[in-house]
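Here is how the chains run, residue by residue.
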Amino acid sequence: MKYTTAGESHGPALLAIVSGVPAGIALSSAAINSELARRQSGYGRGARMQIENDKVEILSGVRFGRTLGSPVALRIANRDWDNWAERMAQEGKPPRDLALEQAPRPGHADLAGTQKIGSRDCRDVLERASARETATRVAAGAVAKAYLGNFGVEIGSYVTRIGDVELPAAEIARKSGLFSATKVEASAVRCPHEATSEQMVAAIDAAREAGESLGGWFVVTATGLAPGLGGYAEAGDRLTGRIGGALLSIPAIKGVEFGLGFAAGTLPGSQVHDPIVYVGESDANAFGRIRRASNNAGGLEGGMTTGEPLFVRAAMKPIPTMTQALQTIDLVTHEAVEASKERSDICAIPAAAVVAEAELALALAEAYQDKFGRDTLADALASFEAYVARIATR
């Protein structure tokens, strides 16, 4: 299951085509819209979120609420297009008073992008490089989530750090997986710890007053995963690389770690590797009694799922557009100028976590299809049930 997106931040609409979708998956615009609303939430978002109210239009691949096995095409209208139609017109000549974006903003794709395509108008780059594009990823990921739900897979996320405010380590449990979704979604910053949430909100308020922006960390998890998804025989089969690449493709993500992550490099092996145990009936899961006593690996070993919760942490840099503008140059005059101060978020960590859920869902859906088949949900479920029956007897 793969996706392709198109559309500019201030164009008429954003589009996604999800290919490799099996037939028979229950899919509704309401389910996709619920995911889109989660992406738009979170304390610290900018004025654009007050303009847009993302709703999806399913254009193909679904009939009477079920996927057909053909590509699913999705459209999300940009309400702000009405204000940009003249400056972003697909045809005709530019308006005479069109102001070019000649000052590339530090931290954005502006400078490298204009060098790449030979333009001196940064808008030719920034419109597509904008994080607005991630709305289509979330819509595509909703298709993958609808598929994975049939196999008992649940995906979620929560914020662990904003600026210098961090969720206490005692609150992070790699073994148990997801926090209560209700508790996470009730927080303005999607942090499940009330006292930490309040401190994060205060940090965002302070950054706004200072003309600053804040980055942070989030965790994305998946529970109910069958062991043995992914592969060890070929580099491209390793699910660790596929998930890592998917998350690093999200704008502003600068680091990804699984389980203990970088901390694993500071400890002796006896404190890192997860002992394998044969548990009693009460500790068995759907895949049998062979379990890990801990989950320092974060649910992946040798490029494959272990059957334990998948635990991935990612770091996002601060939003590079700030009211306290950084220095740049004019691409035409080469004079020093201040970077433009377009409306922007102060902090988008909660939203980035939702986008990461979508990317994780798509990577896992592909892994399930590799293992259990691609044509129809019914055939994949039959193959899955046979696999579970085999490994559960060991």
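Owing to the predicted nature of the structure, the values given are computational and were not obtained by experimental measurement.

**What about empty space enclosed by the protein?**
One pass over the structure, following the stated rule, counts 1 cavity of 30 Å³ or more. Of the volumes computed, that of the largest cavity is approximately 40 Å³. Considering the residues around the largest cavity, the lining is formed by Arg105, His108, Pro320, Thr321, Met322, Ala325, Leu326, Ala339 and Ser340. By residue class, the composition of the lining of the largest cavity is 5 nonpolar, 3 polar and 1 charged.

**Remarks on the packing of aromatic side chains**
Under the definition given, this model contains 9 aromatic pairs. With 5.0 Å between their ring centres and 45° between their planes, Phe151 and Tyr368 make a pair best called tilted. Of this pair, Phe151 sits in the loop between helix H5 (134–148) and strand E8 (154–162) while Tyr368 sits in helix H9 (residues 349–372); the two residues are 217 residues apart in sequence, bridging distant segments of the chain. Classification of Phe151 by relative accessible area gives buried; the value is 5%. Since its relative accessible area comes to 0%, Tyr368 is described here as buried. When the ring of Phe287 is compared with that of Phe384, the centres are 6.5 Å apart and the planes differ by 75°; the resulting orientation is edge-to-face. Placement of the pair is Phe287 in the loop between strand E12 (276–278) and strand E13 (290–292) and Phe384 in helix H10 (residues 377–392), with a sequence separation of 97 residues. Side by side, Phe287 and Phe384 carry an identical accessibility label, which is buried. Among the aromatic residues, ring-to-ring pairing joins Tyr147, Phe151, Phe287, Tyr368, Phe372, Phe384 and Tyr387 into one connected group. In this arrangement the basic side chain of Arg87 is found over the ring face of Trp84, its NZ or CZ atom lying 3.9 Å from the centre.

**Concerning the packing of helix H8 (residues 239–248) against H9**
Across the interface, H8 lies against H9 with an axial gap of 9 Å and an inter-helix angle of 150°. One finds that H8 runs roughly antiparallel with respect to H9. Two packed elements cross with a definite hand, and for H8 against H9 that hand is right-handed. On the side of H8, the interface is formed by Leu239, Arg242, Ile243, Ala246 and Leu247, while H9 contributes Ala356, Glu359, Leu360, Ala363, Leu364, Glu366, Ala367 and Asp370. Looking at side-chain class alone, the contact of H8 with H9 contains 9 nonpolar, no polar and 4 charged residues.

**Describing the sheet that holds strand E1 (residues 2–6)**
Spatial strand order, E1-E2-E7-E4: 4 strands in an open sheet with antiparallel pairing. Where the open sheet ends on each side, the last strands, each with one partner, are E1 and strand E4 (56–60). Strand-to-strand twist across the sheet, computed as the mean angle between neighbouring axes with direction ignored, equals 20°. Where E4 meets strand E7 (residues 72–77), 4 bridges bridge the pair, whose relative direction is antiparallel. For Ser60, the partnering residue across the bridge sits in E7 and is Ala73.

Basis of the calculations
- The numbers attached to residues start from 1 for each chain and follow its sequence in the written order.
- Local features are withheld for residues below a pLDDT of 70 in this predicted model, meaning they are given only at 70 or higher, and side-chain atom pairs are given and counted only at 80 or more; totals for whole chains, interfaces and linings count all residues.
- Just so you know, side-chain values use all the structure's heavy atoms and leave hydrogens and water out.
- The method works on a 1 Å grid over the protein atoms by themselves. A cavity is a set of points holding a 1.4 Å probe that cannot get out, a pocket is an open set with protein on both sides within 12 Å along at least five of seven lines, and residues with an atom within 4 Å of a point line them.
- Grid points are joined across faces, edges and corners, and a volume is the space filled by probe spheres set on the points.
- Polar here means any residue other than Ala, Val, Leu, Ile, Met, Phe, Trp, Tyr, Cys and Pro, which are nonpolar, and Asp, Glu, Lys and Arg, which are charged; Gly is therefore polar.
- Side-chain rings of Phe, Tyr and Trp (the six-membered ring for Trp) are treated as a pair once their centres are within 6.5 Å; stacked means planes under 30 degrees apart, edge-to-face means over 60, and tilted covers the remaining angles.
- Under the DSSP-based scheme used, a helix requires at least four consecutive residues in state H or I and a strand at least two consecutive residues in state E, with every element numbered from the N terminus.
- Burial classification: accessible surface area is computed with a 1.4 Å probe over protein chains only, and a residue below 20% of its type maximum counts as buried, one above 50% as exposed, and the rest as partly exposed.
- The criterion for a charge sitting over a ring is simple: Lys NZ or Arg CZ within 6 Å of the ring centre, and within 35 degrees of the ring normal.
- Think of each axis as a best-fit line through the C-alpha atoms, taken over the contacting stretch in the case of a helix, with angles from 0 to 180 degrees between the N-to-C directions.
- Here the word oblique covers every angle except those under 35 degrees (roughly parallel), over 145 (roughly antiparallel) and from 65 to 115 (roughly perpendicular).
- The sense of a crossing depends on the near helix, which, turned anticlockwise from the far helix by less than a right angle, makes the crossing left-handed and, turned clockwise, makes it right-handed.
- What makes two residues a contact is simply this: any of their non-hydrogen atoms within 4.5 Å.
- A pair of strands is labelled paired if DSSP reports no fewer than 2 bridges between them.

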